[in-house]
Amino acid sequence: MTNPLNDNRLLLKIAKKYGTPVYVYSEAVINRQIQKLQKDFKDLPFDIHYAMKANENPEILKIMLKNGLGVDAVSVNEIKRALSLGFEKEKIIYTPSCPSVNDLKFAFDHKIHTHIGATEYFDFILKNYPATSIGLRINPGNQIGGNQKIATGHNDSKFGIPINQLDVIKRYIRKGLKVDSLHLHTGSDVGTWQDLARSVDVIFDFAKYFEGLKYIDLGSGFKVKYHPEDKTIDLKAYAFYIKKKIDALPYPVRIKFEPGKFLVSDAGVLLVKVNVVKQGFDKKFVGVNSGFHHLIRPMYYDAYHEIVNLSNTGSATEKYDVVGVLCEEDTFAHNRLLPTVTKDDILMIKNAGAYGFSMSSVYNLQDKPKEILISGGIITDISHP
Ligand SMILES: Cc1ncc(COP(=O)(O)O)c(C=O)c1O
């Protein structure tokens, strides 16, 4: 596969034609990632539901649809978008966090399978939707390494039903609550499959109390390579571990995964233009026409994103802080060594396809970036409101 996002001249052409800031995505890279997952998980009975929160652009969702994937939605508007694009109801799962009862009503009325993350909703469900089977999002109480802002399966996390509420669940099942699936999501960008496997242990133990579950949803967390020295998760070893768990369960079960960034992160870059190169007391600042209103990961998660100066790939380098236009602290990179930067250079911020545009805002009344898709040599403006 040739990766168009490695083609500097093409990216510079796109920046010139469509202006900056601009997100550029590659369909080929998304397809490559889907195929990798399908290959590594081939010995499992599994379904993939793309976590559409990572990038909910309709054209990106259509690529998932073309590949036969389902989606994991976390809001009513995400469900509506998936339905409007032609995803079948059975291919949509809904994993909301602290939803309103009106949100739940929408999902139940539209027959969207829902993962409930709090026992406090059970009375409402039993009273209003007694015939509806639900999934339970459990919190395995698994403290993992990495960034705590994206760790979602530990004791202090708001997500999921703590496993120590098993007795409450059992009591409601005796009252008639119908549970047909279990779900967990340990966190995002999890560094090792062993961290994920500890949650797998917990959910498969839990599953023993629920005879005949249709599926166990193991969420995602598959780390991607943000930093050149980052290690990615060994998904084959993870699949092997899960397979052993399935074989040991007294009933057959399917597995669902909900990858977001694994499918789209490396498939997108953000191109920005240098407004000014400015000398501080000691530091040199590269001020670009973007900020956390376009890509918040470096500021919110202290995430590392590789930056490439597309306009100058020479060998003479300098150290810069790459900052944005907001009246806020909006630093993309601290003390980053880059080939000498000058005004109007185009910089590429890599690995920006996931949680980039989807977390963007119009803070400071700044415009949002455009979005461009490259597929099979065709370049299309896929910007949407
Ligand atoms: C419930 C759920 N599933 C799936 C995902 C996707 O995770 P990732 O983007 O790490 O693959 C998330 C991300 O936060 C999530 O909250």
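Data block above holds the structure.
Numbers given for residues are sequential positions, taken from 1 along each chain in its written order. In keeping with the model being predicted, local features are shown solely for residues with a pLDDT of at least 70 and side-chain atom pairs are shown and tallied solely at 80 or more, while totals for entire chains, interfaces and linings include all residues. Neither water nor hydrogens contribute to the side-chain values; these are computed over all heavy atoms in the structure.

Asks: Explain the overall build of the chain to me, using residue names and the numbers behind them.
Replies: For the purposes of this entry, the term helix denotes a DSSP run of H or I that reaches at least four residues, the term strand denotes a run of E that reaches at least two, and both are numbered from the N terminus. The secondary structure content of the chain amounts to 11 helices and 18 strands. Here the globule rule reads 2.2 Å times residues to the power 0.38, and the radius of gyration is calculated from C-alpha atoms. A globule of 385 residues ought to have a C-alpha radius of gyration of about 21 Å, and the chain, at 22 Å, matches this closely. Counting only C-alpha atoms and orienting by the principal axes, one finds that the chain spans roughly 70 × 40 × 40 Å. The contact criterion used throughout is that any non-hydrogen atoms of two residues lie within 4.5 Å. Partitioning the contacts of the chain with sequence separation of at least 6, the portion at a separation of at least 24 is 69%. For the chain, the accessible area works out to roughly 17,100 Å², and carbon and sulfur atoms hold 51% of it. The charge count includes Lys and Arg as positive and Asp and Glu as negative, but it does not include His or the ends of the chains. Where a charge sits is defined by one atom per residue type, namely NZ (Lys), CZ (Arg), CG (Asp) or CD (Glu). Within the chain, the 43 negative side-chain charges are centred at a point lying 3 Å from the centre of the 50 positive side-chain charges. Per-residue and other accessible areas were derived by the Shrake-Rupley procedure at a 1.4 Å probe size, with only the shown protein chains allowed to occlude residues.

Asks: Could you give me a rundown of the pattern of salt bridges, with the residues and numbers involved?
Replies: Note on definitions: salt bridges are taken to be side-chain nitrogens of Lys or Arg within 4 Å of carboxyl oxygens of Asp or Glu. Inspection of the entire model under this criterion finds 17 salt bridges. With its nearest N and O atoms 3.0 Å apart, the salt bridge here joins K245 to D201. Of this pair, K245 sits in helix α9 (residues 235-248) while D201 sits in helix α8 (residues 193-207), placing them 44 residues apart in sequence. Relative accessibility decides the category of a residue: with a 1.4 Å probe and only protein chains considered, values under 20% of the type maximum give buried, values over 50% give exposed, and everything between is partly exposed. Note on D201: relative accessible area 25%, which makes it partly exposed. Through salt bridges with shared partners, a single ionic network connects D47, R254 and K256.

Asks: So what about the site of the ligand? Which residues, and what values?
Replies: The local shell around the ligand holds 15 residues, among which S188, S220, E258, G260 and Y355 are the closest. Residues adjacent in sequence count toward polar contacts only when both atoms are side-chain atoms; beyond that, a polar contact is any pair of N or O atoms within 3.5 Å, and within protein one must be able to donate a hydrogen and the other to accept it. K53 is positioned such that a nitrogen or oxygen atom in its side chain is 3.1 Å from an oxygen atom of the ligand. In this structure, an oxygen atom belonging to the ligand sits 2.5 Å away from a side-chain N or O atom of S188. If the ligand stood free it would expose 390 Å²; the protein chains cover 92% of that surface. Amino acids outside the nonpolar list (Ala, Val, Leu, Ile, Met, Phe, Trp, Tyr, Cys, Pro) and the charged list (Asp, Glu, Lys, Arg) are all regarded as polar, and Gly is one of them. Here the residues of the shell around the ligand are counted per class, giving 3 nonpolar, 6 polar and 6 charged. Consider each residue's heavy atoms; a residue with any of them within 4 Å of a molecule or strand counts as near.

Asks: I'd love a proper account of the packing of aromatic side chains, names of residues and values included.
Replies: For any two aromatic rings, the description comes down to two numbers: the centre-to-centre distance and the angle of the planes. Here is the rule: rings of Phe, Tyr and Trp (six-membered ring for Trp) pair when centre to centre is within 6.5 Å. Planes less than 30 degrees apart are stacked, more than 60 are edge-to-face, and the remainder are tilted. Throughout the structure, instances matching the rule amount to 17 aromatic pairs. Here the aromatic rings of Y23 and Y25 are separated by 6.0 Å at their centres, their planes lie at 15°, and the arrangement is stacked. Pair check on accessibility: Y23 and Y25 agree, each one buried. Just above the ring of Y172 sits the side chain of K175; from NZ or CZ to the centre is 4.4 Å. It is K256 that lies over the ring of Y215; its NZ or CZ is 4.6 Å from the centre. Either the NZ atom of lysine or the CZ atom of arginine qualifies as a charge over a ring when it sits within 6 Å of the ring centre and within 35 degrees of the ring normal.

Asks: Give a description of α8 that names residues and reports values.
Replies: Between the first and last C-alpha of α8 there are 20 Å, a value that for 15 residues agrees with the 21 Å anticipated at 1.5 Å per step. Along α8, the residues classified as buried are W193, D195, L196, A197, S199, V200, I203, F204, F206 and A207. The secondary structure elements touched by the buried residues of α8 are β6 (133-139), α7 (166-175), β8 (178-183), β9 (215-217), α9 and β10 (254-257). Any helix carries an expected span of 1.5 Å times its number of residues minus one.

Asks: Tell me about the packing of helix α2 (residues 27-40) against helix α3 (residues 58-66), and name the residues and values.
Replies: Throughout, an axis means a line fitted to C-alpha atoms (over the contacting stretch in the case of helices), and angles, computed between N-to-C directions, take values from 0 to 180 degrees. Running from N to C, α2 and α3 cross one another at 40°; their axes reach a closest spacing of 11 Å. It follows from the interaxial angle that α2 and α3 lie oblique. Judged by the sense of rotation from one axis to the other, the crossing of α2 with α3 is right-handed. Contact residues: E27, I30, N31 and I34 in α2; I60, I63, M64 and K66 in α3. In this scheme, roughly parallel covers angles under 35 degrees and roughly antiparallel covers those over 145, while 65 to 115 is roughly perpendicular and the rest are oblique. When the near helix sits turned anticlockwise from the far one by under a right angle, the crossing is termed left-handed; a clockwise turn instead gives a right-handed crossing.

Asks: Tell me about the nonpolar core, residues and numbers included.
Replies: The definition of a nonpolar core used throughout is a set of buried Ala, Val, Leu, Ile, Met, Phe, Trp, Tyr and Cys residues joined through side-chain atoms within 4.5 Å. Core analysis: the biggest nonpolar cluster contains 110 residues, and Y50 and Y238 have the highest contact counts within it. Counting residues per element, this core draws most heavily on α8, at 8 residues. The split of the chain into domains comes from an automatic or database domain assignment. In this structure, this core is formed jointly by two domains, domain 1 (4-23 + 265-380) and domain 2 (27-264), each of which donates at least three residues. Y238 has contacts with F41, W193, L196, A197, V200, L218, F222 and F257, leaving out every residue within four places of it along the chain. Counting 15 residues, the second largest nonpolar core, distinct from the first, contains L5, A15, Y18 and V24.

Asks: If you had to explain the environment of T152 to someone new, which residues and values would you point to?
Replies: Its location among the elements puts T152 in the loop between β6 and β7 (161-162). Along the primary structure T152 and E211 are separated by 59 residues, whereas in three dimensions their C-alpha atoms are 26 Å apart. Not counting residues within four places of it along the chain, the set of residues in contact with T152 comprises R137, N139, S157, F159, H185, T186 and G187.

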